[in-house]
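# Residue-level structural notes
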Amino acid sequence: MRLIVGILVVLVSVFGGYAASGAHMAVLFQPFEFIIILGAAAGAFVIGNPPKVLKGIGGMFATLLRGPRYNKAAYLELLGLQFTLFKLAKSKGNLALEVHVENPSESSIFAAFPIFAADHHAVEFMCDYLRMITLGTENAHELETLMDEELETHHQEREQMVSGIQALADGTPALGIVAAVLGVIHTMGSINQPPEVLGHLIGGALVGTFLGVLCAYGLFGPMAQSLRNIFEAESKYYLSMKAGLLAHMAGYAPAVSIEFARKALMSDVRPTFIEVEQSTANLQPAAS
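What you see is a predicted model, and the numbers here were worked out from it, not measured in a lab.

The next thing to look at is the packing of helix α12 (residues 254–263) against helix α13 (residues 273–281). Relative orientation of the contacting elements α12 and α13 amounts to 135 degrees, with a least axis distance of 11 Å. Here α13 runs oblique to α12, going by the angle between their axes. As α12 packs across α13, the resulting crossing turns out to be right-handed. Contacts between α12 and α13 involve Ile258, Glu259 and Arg262 from the former and Phe273, Val276 and Thr280 from the latter. Tallied by class, the residues present in the contact of α12 with α13 amount to three nonpolar, one polar and two charged.

This part is about the environment of Leu11. Within the secondary structure layout, Leu11 lies in helix α1 (residues 2–20). In this structure Leu11 comes out as partly exposed when scored by relative accessible area, which is 32%. In this structure, the C-alpha to C-alpha distance between Leu11 and Gly218, residues 207 residues apart in sequence, is 8.5 Å.

Look at helix α2 (residues 31–48): 25 Å from first C-alpha to last across 18 residues, which is about the 26 Å you get at 1.5 Å a residue. Where α2 is buried, its residues meet α3 (51–55), α4 (57–66), α10 (140–188) and α11 (195–249).

Under the criterion given, the structure shown has ten aromatic pairs. On the basis of an interplanar angle of 90 degrees and a centroid distance of 5.5 Å, the ring pair of Phe125 and Tyr238 is categorised as edge-to-face. You can see Phe125 sitting in helix α9 (residues 120–134) and its partner Tyr238 sitting in helix α11, a full 113 residues away along the chain. Judged by relative accessible area, which is 2%, Phe125 ranks as buried.

Quick look at the side chain of Gln82 now. With respect to the helices, strands and loops of the structure, Gln82 is situated in helix α5 (residues 72–92). Residue classification places Gln82 among the buried residues on the basis of a relative accessible area of 0%. If we ignore the near neighbours within four places in the chain, the residues touching Gln82 are Met126, Ser240, Met241, Gly244, Leu245, Ile258 and Ala261.

In this structure, Ile115 sits in helix α8 (residues 114–117). The spacing of Ile115 and Gly22 is 93 residues in sequence and 53 Å in space, taken between C-alpha atoms. Apart from residues no more than four positions distant in its own chain, Ile115 is found in contact with Ala74 and Glu77.

This paragraph deals with the environment of Ala180. Here Ala180 lies in helix α10. As a C-alpha pair, Ala180 and Ile37 span 143 residues in sequence and 9.7 Å in three-dimensional space. Leave out the neighbours within four places in its chain, and Ala180 touches Glu33, Ala205 and Thr209.

A word on the side chain of Thr280. Among the secondary structure elements, Thr280 is positioned in helix α13. Separated by 3.1 Å, the side chain of Thr280 and the backbone oxygen of Glu277 make a polar contact. If near-sequence neighbours (up to four positions away) are discounted, Thr280 is found in contact with Gly80, Phe83 and Ile258.

The next thing to look at is the packing of α10 against α11. The angle between the axes and the distance between the axes are what describe a pair of packed helices. α11 packs onto α10 with a crossing angle of 175 degrees between their chain directions and a minimal axis gap of 7 Å. Of the possible angle classes, the one that applies to α10 and α11 is roughly antiparallel. Residue classes in the contact of α10 with α11 are distributed as 32 nonpolar, ten polar and seven charged.

Looking now at the nonpolar core. Among the nonpolar cores identified, the biggest contains 39 residues, and Phe116, Tyr237 and Met241 are the most heavily contacted of them. Where this core is concerned, the elements lending two or more residues are α5, α7 (108–111), α9, α10, α11 and α12. The leading source of residues in this core is α5, at ten residues. In contact with Tyr237, other than residues within four places in its own chain, are Tyr70, Ala74, Tyr75, Leu78, Phe116, Asp119 and Ala122. Within the second largest apolar cluster, 21 residues are counted, among which are Val53, Leu64, Ala169 and Phe220.

Reading the values: rules and limits
Within each chain, residue numbers correspond to sequence positions counted from 1 in written order. Where totals are concerned, whole chains, interfaces and linings use all residues; where local detail is concerned, this predicted model gives features only for residues with pLDDT of at least 70, and gives and counts side-chain atom pairs only at 80 or more. Note that water and hydrogens are dropped before the side-chain values are worked out from all heavy atoms of the structure. The convention used is that axes are lines fitted to C-alpha atoms, helices contributing only their stretch in contact, and that angles between N-to-C directions extend from 0 to 180 degrees. A run of H or I in DSSP counts as a helix once it spans at least four residues, and a run of E counts as a strand once it spans at least two, with each numbered from the N terminus. Angle categories: roughly parallel below 35 degrees, roughly antiparallel above 145, roughly perpendicular from 65 to 115, and oblique for all the rest. Note on convention: near helix rotated counterclockwise from far helix by under a right angle means a left-handed crossing. Clockwise means right-handed. Pairs of residues are marked as contacts when any of their non-hydrogen atoms sit within 4.5 Å. Classes in brief: Ala, Val, Leu, Ile, Met, Phe, Trp, Tyr, Cys and Pro nonpolar; Asp, Glu, Lys and Arg charged; the others, Gly included, polar. Relative accessibility under 20% of the residue-type maximum defines a buried residue, over 50% an exposed one, and the middle range a partly exposed one, all with a 1.4 Å probe and only protein chains included. In this analysis, the expected span of each helix is defined as 1.5 Å times one less than the number of residues it contains. A pair of aromatic rings is counted whenever rings of Phe, Tyr or Trp (Trp by its six-membered ring) have centres within 6.5 Å, and the orientation is called stacked for planes under 30 degrees apart, edge-to-face for over 60 and tilted otherwise. In the analysis that follows, any N or O atom pair within 3.5 Å is treated as a polar contact, provided that within protein one partner can donate a hydrogen and the other can accept it, and provided that, for residues neighboring in sequence, both atoms belong to side chains. Residues grouped as a nonpolar core are buried Ala, Val, Leu, Ile, Met, Phe, Trp, Tyr and Cys residues, joined through side-chain atoms within 4.5 Å.

The structure is reproduced here in structure tokens:
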């Protein structure tokens, strides 16, 4: 919704202000300028990005429309899951986690936290590192290094998508100039035409520059920034898991471990200490 509202504000402000000044809207309708700029931008996008990014174009716009997938309730559930897992490990040993880690789809613990269980990547991340703990990994520093490497790889994959849209924002002003130059060439080829025809041709050429700049700074640039902000917000979900797992490995009590995890979250979605305490107090004990 925020994406749609933002685009509408940009378009209404630009075209509404233009129309309100008494200018003629019809002169802005230059379909060939649109084809030159947006077609060249699409081609450049295909050239500059790997197949994974190209296949994910639909998902990018879905993400922009949806916004961050995790809200306060999702983070509260995540902390509750970690508390349940860590409490089971503390009371019955890390090996008690093995049955849940090996078959998360059949785990009674994961089933009790549906938002988390529906997130394939989050389940895989949690289970992979819990599995390593059940197998006897004891060096928290080595595990932290491995987590950082995985999270950095995940960040780089997402950054490719952001960079793809940012490249459009950086390139469309220049493509607008290309369209404008072609329009000027067309105008010079029609120099024997009357002034009203030449004026229309020159106006059409300038529309190319206008369109390129508008797409860059009114659409593609803000979209890239919005996508970057969404990905950075969602990365906190994994950083919270990392903080909780490392605190558990350090030997802290479950309540303390999830406090480490809670502190990794951004303030606008971070549950308070009291909210977490009340939520975990209502959790059912996990069966081994």
